[in-house]
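Summary of structural features
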Amino acid sequence: LSNVFDAGHRALELLFRFDPALLRIIALSLAVSFSAAAAASAVGLPLGAALAVARFRGRYLLIVLANAMFGLPPVVVGLGLYLLLSRFGPLGMLHILFTPAAMILAQFLLALPIVVAISHRTMSGVWREYGDALLVDGLGWLQAVPHVLAIGRLGALTAVLAGLGRSISEVGAILIVGGNIAGYTRTMTTAIALETSEGNFAFALALGGVLIVISIAVSIAAFQIEAGFRRVK
Amino acid sequence: MKIPDLQRAILVGMLSVVVPIAGHAVDTRTIVLASTTSLQDSGLLANILPKFTAETGIEVHVVAQGTGQALATAEHGDADLVLVHDPDAEAAFMAAGDGITRTEIAWNDFIIVGPDDDPAHIAGQTDVLNAFRDIAETKSPFVSRGDKSGTDAREKRLWREVGMSPGGSWYRDIGGGMGAALNAATAMNAYTLSDRGTWLSYGHKTGMKIVLQGDHRLLNFYDVILLNPRTHPEAKQAPAHRLLDWLASAEGQKVIADYTMNGKKLFHPEADPKP
């Protein structure tokens, strides 16, 4: 047990000394996961809203697909992406395997179904309530999408945060496609896996602490927003 | 509502994500080195590569995998250079035409580590085959890497030389790196085969010690393999060659020799006499 306290003590030291290696890992994690969540939102929010608003063939299939992929296993996404991005793979010409770009792509794919599924659910509610009014205004479905998103913006934010939470805590996919390269593709989660395997528990624990704080903050924000959303309704 | 519109919108969205990040295509200032967990876990690469980068401006991205996986990564064309330690797998890699030169740049040795109370009574022995036999006969817990790494290949080879194929609940295949195997051995009071470098730099040795070392069968050679430009035209030959030249140079060899942990040498330069 004294081992645990010792590691905890040294973890705090690392954090408050602003250890440069630690800070770089945290910064890269945030950059990768925020980019992925932003990209997933840019694609997923309009798509989720469109699925709530429009009626077209294949719509139901897309909704089922988004919900089915909600819990996509990250390692499998990592494996699939590895095969695609490998220099001999169909997307090998992009030359992004073992780069942060590949990690953003992996987390984008993991976050996208979550953003689509959640925004579809909330925007369906919005559409039920305001759809007739919007249609009376003579809007086509494509024009209605931004209105629906604006009305349901709190729900949209919940979807974004859920996507971000998924991205920041994920390790399986980015370990495979990023390669865990020191100072380049090493994030909080992959560093924790590595440092634990090297017996450097202080460093792992310091990163673990930061990661927990971030993921709790994201979850609390999502919860508060959702609660606020309910109250408004 | 037209489906093509929606499809186009989705496609544009996806492309806007992928295209900008793919823009920074091939640059010869960075190379990918597929290497082994022992060289990463021991801290050697993190210690010596910044010196190479400072001198040449070439950044080296190390993907640390087991030797088997590192060779596979290079075979698929996803690395520019390989630094590994499994003579048999390396020979097969060369024979398949994937490599063009194979150069030893460092060596150290494997050791058997085990619990302080040493249930199989290995401490004091000098023959690794006898030690393996004793561990198997007493059914003392033994952690195997099981990851097709260089260390794993050596362990399997030693079992073959003993004439046994280990199995049963005492033989624990963890499918992990060297550090993970040491963690597992510590947690399970088990023996394991480790490279000396990772053992010396491992941060959590409580209750564990070296029980056997010095058998000539435990010598461990690290080789750099340059990829064959005919089979791997995509590999960045020039900067990869510079790294090989630097590692083999008097300066690179000295940096390897000078890397110590708590005053102990972890790797020998190629020219050091072998026992």
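Definitions and limits used
- Residues numbered from 1 in each chain as written.
- Chains lettered and ligands numbered in written order.
- Predicted model: local features only at pLDDT ≥ 70, side-chain atom pairs only at ≥ 80, totals over all residues.
- Heavy atoms only, no water.
- Helix = DSSP H or I, 4+ residues; strand = E, 2+ residues; numbered from the N terminus.
- Buried < 20%, exposed > 50% of the residue type's maximum accessible area, 1.4 Å probe, protein only.
- Contact = heavy atoms within 4.5 Å.
- Areas by Shrake-Rupley, 256 points an atom, 1.4 Å probe, with all protein chains shown as cover.
- Lys, Arg positive; Asp, Glu negative; His and termini not counted.
- Charge placed at Lys NZ, Arg CZ, Asp CG, Glu CD.
- pLDDT = per-residue confidence, 0-100.
- Core = buried A, V, L, I, M, F, W, Y, C linked by side-chain atoms within 4.5 Å.
- Patch = residues over 30% accessible without salt bridge, like charges linked within 9 Å, V, L, I, M, F, W, Y side chains within 5 Å.
- Salt bridge = Lys/Arg side-chain N within 4 Å of Asp/Glu carboxyl O.
- Buried area = accessible area lost by both parts, 1.4 Å probe.
- Pairing = 2+ DSSP bridges.
- Expected span 1.5 Å × (residues − 1).
- Bend = angle between axes of the 7 residues up to and from the residue.
- Axes fitted to C-alpha atoms, helices over the stretch in contact; angles between N-to-C directions.
- Parallel < 35°, antiparallel > 145°, perpendicular 65-115°, else oblique.
- Left-handed = near helix turned anticlockwise from the far one by under 90°.
- Nonpolar A, V, L, I, M, F, W, Y, C, P; charged D, E, K, R; others polar.

**A short note on the overall build of chain A**
Helix and strand counts for chain A come out as 10 helices and 0 strands. Each helix and strand of chain A, placed in order from N terminus to C terminus, yields the pattern α-α-α-α-α-α-α-α-α-α. If one aligns the C-alpha atoms of chain A with their principal axes, the spans along those axes are about 65 × 50 × 25 Å. Across the 233 residues in chain A, those meeting the buried criterion constitute 54%. Considering only contacts within chain A whose residues lie at least 6 apart along the sequence, 76% involve residues at least 24 apart. Here chain A displays about 10,800 Å² of accessible surface, and carbon together with sulfur accounts for 70% of that area.

**Concerning the overall build of chain B**
The helix and strand tally for chain B stands at 11 helices and 12 strands. Seen along its three principal axes, the alpha-carbon backbone of chain B occupies a region of about 75 × 55 × 35 Å. Look at the contacts in chain B between residues 6 or more apart in sequence, and 75% of them connect residues 24 or more apart. Entry remark: accessible area of chain B is about 11,300 Å², with carbon and sulfur atoms responsible for 55%. A distance of 1 Å separates the average location of the 25 positive side-chain charges in chain B from that of its 34 negative side-chain charges.

**A short note on the confidence of the model for chain B**
Residues and elements named next belong to chain B. Looking at chain B, the pLDDT average stands at 89 and 91% of residues meet or exceed 70. For the stretch residues 18–25, pLDDT sits under 50, and the model shows 9 contacts to residues farther than four places along the chain or on other chains. As a predicted assembly, this complex carries a pTM of 0.83 together with an ipTM value of 0.76.

**Looking at the nonpolar core**
Note that soluble globular proteins tend to have their nonpolar side chains buried in a common cluster. Formed by 68 residues in total, the largest nonpolar core has its most connected members in L85, M123 and V177 of chain A. At 19 residues, helix α5 (residues 100–136) of chain A tops the list of elements feeding residues into this core. Sequence-distant contacts of L85 of chain A, that is, excluding residues within four places in its chain, are made with L91, G92, L94, I96, L97, A102 and L105 of chain A. Grouped together as the second largest cluster of nonpolar side chains are 41 residues, I31, L39, V62 and F267 of chain B included.

**Some thoughts on a nonpolar patch on the surface**
Residues and elements named next belong to chain A. A contiguous nonpolar patch, built from L84, L91 and M93 and spanning about 260 Å² of accessible area, is present on the exposed surface. Along the polypeptide, L91 turns up in the loop between α4 (74–85) and α5. With relative accessibility at 30%, the residue L91 sits in the partly exposed group.

**Digging into the interface of chain B and chain A**
With 36 residues of chain B in contact, the opposing surface of chain A contributes 33 residues. Across the chain B to chain A interface the summed buried area is about 3,000 Å²; carbon plus sulfur atoms make up 67%. Across the chain B-chain A interface, the total number found is 1 salt bridge. Notably, a salt bridge pairs D80 of chain B with R87 of chain A, separated by 3.3 Å at the nearest N-O pair.

**Quick word on the pairing of strand β9 (residues 219–227) of chain B**
All names here are of chain B. For β9, the tally of buried residues reaches 8 of 9 residues, placing the bulk of the element in the interior. Direction of pairing for strand β3 (residues 81–84) relative to β9: antiparallel, over a ladder of 4 bridges. Looking at β9, one finds that V82 is bridged to I225.

**Regarding the pairing of β3 of chain B**
Residue and element names in this part refer to chain B. Here β3 shows a buried face lined by L81 and L83 and a second buried face lined by V82 and V84. Strand direction decides the pairing type here: strand β1 (residues 30–36) and β3, joined by 3 bridges, are parallel. Across the sheet, residue A34 finds its bridge partner in β3, namely V82.

**Thoughts on the pattern of salt bridges**
Residues and elements named next belong to chain B. This model, assessed by the stated rule, comprises 16 salt bridges over all chains. Salt-bridge contacts for K265 lead to D272; the nearest nitrogen and oxygen are separated by 3.7 Å. Overall, the relative accessible area of 22% leaves D272 in the partly exposed class. Residues joined in a network through salt bridges with shared partners are D88, D127, R157, E161, D215 and R217.

**A few points about unusual backbone geometry**
All names here are of chain A. Of note, H95 is a non-glycine position whose phi angle comes to about 55°, a positive value. One non-glycine residue, F98, adopts positive backbone phi at about 65°. Counting through the fold element by element, F98 comes out in the loop between α4 and α5.

**Concerning α5 of chain A**
Residue and element names in this part refer to chain A. Its 37 residues place the ends of α5 only 47 Å apart at the C-alpha level, less than the 54 Å of an ideal helix rising 1.5 Å per residue. Approximately 60° is the largest bend angle found in α5, and it occurs at Y130. With 28 of 37 residues buried, α5 lies mostly within the body of the structure. In the segment just after α5, G138 is the residue with positive phi, at about 80°.

**Re the side chain of T99 of chain A**
Positionally, T99 of chain A belongs in the loop between α4 and α5. The exposure class assigned to T99 of chain A is buried, which follows from its relative accessible area of 7%.

**So, the packing of α5 of chain A against helix α6 (residues 141–151) of chain A**
All names here are of chain A. Axis separation between α5 and α6 bottoms out at 10 Å; the angle between their running directions is 120°. By the angle between their axes, α5 is oblique relative to α6. For α5 against α6, the interelement crossing comes out right-handed. Of α6, the residues touching α5 (which contributes M123, V126, W127, Y130 and L134) are A144, H147, V148, L149 and I151. Here the contact of α5 with α6 is composed, by residue class, of 9 nonpolar, 1 polar and no charged.

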